[in-house]
Amino acid sequence: MATATALSSPRPWRLPGTATQWFTGWFLVAWIGVVVLPLLIISAFSFFSMRQYQIVYDPTLSTWVSLAETGRWVVVLRTIRFAVTVTFLEILVAFPFALWLAKGCRSPAVRACVITLLTIPFFIDASSRIIVWRSILGTNGVINNLLVGSGLVDKPLTWLLYSDFSVSFGMFGSYFPTAVFPIFLTLSLIDDDLVKASSGLGASRLQTLRYIILPLAMPGIVGGVVFTFVPLMAAWIEPQLLGGGQVNLLGQSIQSALTNLNYPIAAALSTVVIGVLVLLLVVLIVSLRGRFSMASLFQSLDR
Amino acid sequence: MSNPAQASALPHSPGTVGKRGFVDRLAEASGWNKVAVALGCVALALIYGPLVWLGVMSFSAEPLSGKPYPLTFAHYSLLFANDKWHTPFVKSVLLGLAVAVACMVIGTLLARALVRLKRPGSVLFLALLPLFVPGLTIGAALFIFFRMTLGLRLGMWSLFIGHMVWAFPFALLLILIVTIRFDVRLIQAAQDLGAKPLRCFLDIELPLLMPGISGAGIFSFLLSFNELLRSTFLRGNETTMPVYNWAMASAQQSQVPIVFSLSTLILAVTLPVMGALFFMLFARKGN
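Residues numbered from 1 in each chain as written. Chains lettered and ligands numbered in written order. Predicted model: local features only at pLDDT ≥ 70, side-chain atom pairs only at ≥ 80, totals over all residues.

Visitor: Tell me about the overall build of chain B, and please be specific about residues and values.
Guide: Scanning chain B from terminus to terminus reveals 12 helices and zero strands. Secondary structure elements of chain B, listed N to C terminal, follow the sequence α-α-α-α-α-α-α-α-α-α-α-α. Out of the 287 residues in chain B, the part that is buried amounts to 44%. Restricting to contacts in chain B with at least 6 residues of sequence separation, those with at least 24 account for 76%. (Helix = DSSP H or I, 4+ residues; strand = E, 2+ residues; numbered from the N terminus. Buried ≥ 20, exposed ≤ 12 C-beta atoms within 10 Å, placed from the backbone. Contact = placed C-beta atoms within 7 Å.)

Visitor: Residue-level account of the overall build of chain A, with values.
Guide: Along the backbone of chain A there are 14 helices and two strands. Buried residues in chain A amount to 44% of all 303 residues. Look at the contacts in chain A between residues 6 or more apart in sequence, and 73% of them connect residues 24 or more apart.

Visitor: Which residues make up the interface of chain A and chain B, and what values do they have?
Guide: Taken together, the contacts link 101 residues of chain A with 100 residues of chain B. Sort the elements by how many residues they give to the side of chain A that touches chain B and helix α2 (residues 20–45) of chain A lands first, with 14 residues. For the side of chain A that touches chain B, the residue count by class is 65 nonpolar, 25 polar and 11 charged. (Nonpolar A, V, L, I, M, F, W, Y, C, P; charged D, E, K, R; others polar.)

Visitor: Explain the domain arrangement of chain B to me, and be specific about the residues and the numbers.
Guide: Where interface size is quoted, it is often the accessible area lost as the parts come together. Parsing chain B into structural domains produces domain 1 (22–72) and domain 2 (80–286). A straight line from the C-alpha centre of domain 1 of chain B to that of domain 2 of chain B covers 30 Å. (Domains from an automatic or database assignment.)

Visitor: Pulling in residues and values, what's your account of the environment of Ile80(A)?
Guide: Residue and element names in this part refer to chain A. With respect to the helices and strands, the residue Ile-80 is situated in helix α4 (residues 73–104). For Ile-80, a count of 17 C-beta atoms within 10 Å corresponds to the partly exposed category. Once the C-alpha coordinates of Ile-80 and Phe-229 are considered, the two residues, 149 residues apart in sequence, prove to be 8.7 Å apart.

Visitor: How would you explain unusual backbone geometry if you had to name every residue and give the values?
Guide: All names here are of chain A. One non-glycine residue with positive phi stands out, namely Tyr-162, at about 55°. Structurally, the position occupied by Tyr-162 is in the loop between α7 (142–149) and α8 (164–189). For Leu-261, which is not glycine, the phi torsion reads 60° and is therefore positive. Along the chain, the position of Leu-261 falls in the loop between α12 (250–259) and α13 (263–288).

Visitor: Could you give an account of the confidence of the model for chain B, with specific residues and numbers?
Guide: Residues and elements named next belong to chain B. The share of residues in chain B with pLDDT of 70 or more is 85%, and the mean pLDDT across the chain is 81. Helix α1 (residues 22–29) is the least confidently modelled element of chain B, averaging 49 in pLDDT, while helix α4 (residues 86–116) averages 92, the highest of any element. Of the regions scoring below 50 in pLDDT, residues 1–20 engages in 40 contacts with residues more than four places distant in sequence or in other chains. Interface confidence in the predicted complex, given as ipTM, is 0.81; pTM for the same model is 0.81. (pLDDT = per-residue confidence, 0-100.)

Visitor: Before we move on, can you summarise the nonpolar core with the specific residues and values?
Guide: Formed by 157 residues in total, the largest nonpolar core has its most connected members in Ala98(A), Val180(A), Cys103(B), Ala140(B) and Ala171(B). For this core, the leading source of residues is helix α7 (residues 156–181) of chain B, giving 16 residues. Among the domains, domain 1 (22–72) and domain 2 (80–286) of chain B are the pair contributing at least three residues each to this core. Those residues in contact with Ala98(A) that sit more than four places away from it in its chain are Val180(A), Ile183(A), Phe184(A) and Leu187(A). (Core = buried A, V, L, I, M, F, W, Y, C linked by C-beta atoms within 7 Å.)

Visitor: Residues and numbers for the packing of α8(A) against helix α10 (residues 205–233) of chain A, please.
Guide: Residue and element names in this part refer to chain A. The N-to-C vectors of α8 and α10 enclose an angle of 155°; their axes lie 7 Å apart at closest approach. With respect to each other, α8 and α10 are oriented roughly antiparallel. Considering how the two elements wind past one another, α8 and α10 form a crossing that is right-handed. In this structure, α8 contributes Met-171, Tyr-175, Thr-178, Ala-179, Pro-182, Ile-183, Leu-185, Thr-186 and Leu-187 to the contact, and α10 contributes Leu-216, Ala-217, Pro-219, Gly-220, Ile-221, Gly-223, Gly-224, Phe-227, Thr-228, Pro-231 and Leu-232. A class-by-class count of the residues in the contact of α8 with α10 yields 14 nonpolar, six polar and no charged. (Axes fitted to C-alpha atoms, helices over the stretch in contact; angles between N-to-C directions. Parallel < 35°, antiparallel > 145°, perpendicular 65-115°, else oblique. Left-handed = near helix turned anticlockwise from the far one by under 90°.)

Visitor: Please provide a residue-by-residue account of the environment of Leu209(A), values included.
Guide: Residues and elements named next belong to chain A. Within the secondary structure, Leu-209 sits in helix α10. A residue is classified by how many C-beta atoms lie within 10 Å of it, and Leu-209, with 20 of them, is buried. In this structure, the C-alpha to C-alpha distance between Leu-209 and Ser-198, residues 11 residues apart in sequence, is 9.7 Å.

Visitor: Can you break down the confidence of the model for chain A residue by residue, with the values?
Guide: Residues of chain A with pLDDT of at least 70 account for 88%, and the chain-wide mean is 82. When mean pLDDT is taken per element in chain A, α4(A) scores highest with 91 and helix α1 (residues 3–6) of chain A scores lowest with 43.

Visitor: Please provide a residue-by-residue account of the environment of Leu288(A), values included.
Guide: Assignment of secondary structure puts Leu288(A) in helix α13. As a C-alpha pair, Leu288(A) and Val222(A) span 66 residues in sequence and 9.3 Å in three-dimensional space.

Visitor: With reference to specific residues and values, describe the packing of α4(A) against helix α2 (residues 32–57) of chain B.
Guide: Interaxial distance between α4(A) and α2(B) falls to 8 Å at its minimum, and their mutual angle equals 110°. By the angle class used here, α4(A) and α2(B) are roughly perpendicular. Helix-helix and strand crossings are classified by hand; for α4(A) and α2(B) the assignment is left-handed. Between α4(A) and α2(B), the residues in contact are Val93(A), Pro96(A), Phe97(A), Leu99(A), Trp100(A) and Gly104(A) and Trp32(B), Asn33(B), Ala36(B), Val37(B), Leu39(B), Gly40(B) and Ala43(B), respectively. Classifying every residue of the contact of α4(A) with α2(B) gives 10 nonpolar, three polar and no charged.

See below:
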């Protein structure tokens, strides 16, 4: 297969038309300008202060101190609690499902169907998808109508909507595909012969799972955590629409600080998210190191 | 779903030797794969259930009540009588088209360059970095950069950059798949036969890369068309379709039924297109 060598083999021929290095260089400059630089600047802003709606470019820790004093760190802790709970549940459901999808599912049509269903949510407007939960979970929504109608409960359950439950519930649906995909990719890279050899040598299925599949799937699991935990730290649509003002998370704090022109606070809260992102990315890169090259990753996409 | 008997998560040989503990026997006895599939289907139902319900409720007289009956077309006639959503809709379409074209051109150039680099790793990592950054964070960062640091007035141009940062990594990945598959010997053969570099590119390379490039175009359009988080910060005074939907949805007012009908119509057009596209893409790879 040409795929494996296409990335590493030297090319004896000249490029037609465009000069590769030149274009890559310009792309990198522009891309760093709109991706990396803004992230660095917003982190730097958390060390400045505001005076009469003007930024004072004078390094100070006052924003971080006020973050601790005004109790906004409670919001950070609450967001972490939500993100940890939902991420844990996602991985718990996503890993077995990805294992089935990569190794158990024998029909290519079924697999293509499931992958299609997992891909589509990336392309759907989130607010219309989330707002519907109100008419399902609300006090006169579908579930309460069914429960009261069947006599299981006397009064409609109020904790179904505008509560921690509804927010976590909405988050779970939104971030399921992002948890499945990285795990699925690494699992489909595992050679079936390894699994066969393991059971042929007398390992039980649990031992094969514990000593063969789990270690090989670890980069995918870390990837799934990165793609779920980090966006959950900045989730905004779900708490806003399903929290009903009862559930205040980091995303809403950043948004309201920005609309109140309190840029240093918004910057500091964003820096917390960026910090979590950098930390988890380092873990991901370490777990990927020497395991997969770009070529092997695309081979798995090719299958 | 497939035959559950075939859906065994691991190949199992009956004649294996060695002692089995209680946990092992438990693991083998109670069809874990069925549990796995069932839970996964529940998770998928959490995504698609609301979409179906959205369609049902768009015909309901009281969309927020949870009762589908009595059925009515009132919201749809209200929607067509109302022209407030026309401008956001047109703006979103135009913006999506601009993002799609830019992603196709830049993505093709960069993907061709990446497969020809000796060490593409760090460039690829940088190009894909926005996939990891939450929309709200990059939106806030770009807002502070453009508005505060550079002191610019936000508008369609900042929306365009924000959407590029979101859509480009997906577009690049799709085009990379086809550029990696591309057999460079075709170019070498054409050059041996005396073809100029531009002819090689236009007549040989581009047609073969076209499935990936056009896929990238459609994906970037859809990603831009439905983008909300970055847009809320970068829009200036502009209103795109998702921003309009969001304003209507979060205002908890009488406009909500219209949003239901509008979203249902958009989904009725985009879902079958996306479904067919993705299925062809993944089914072809499955063979």
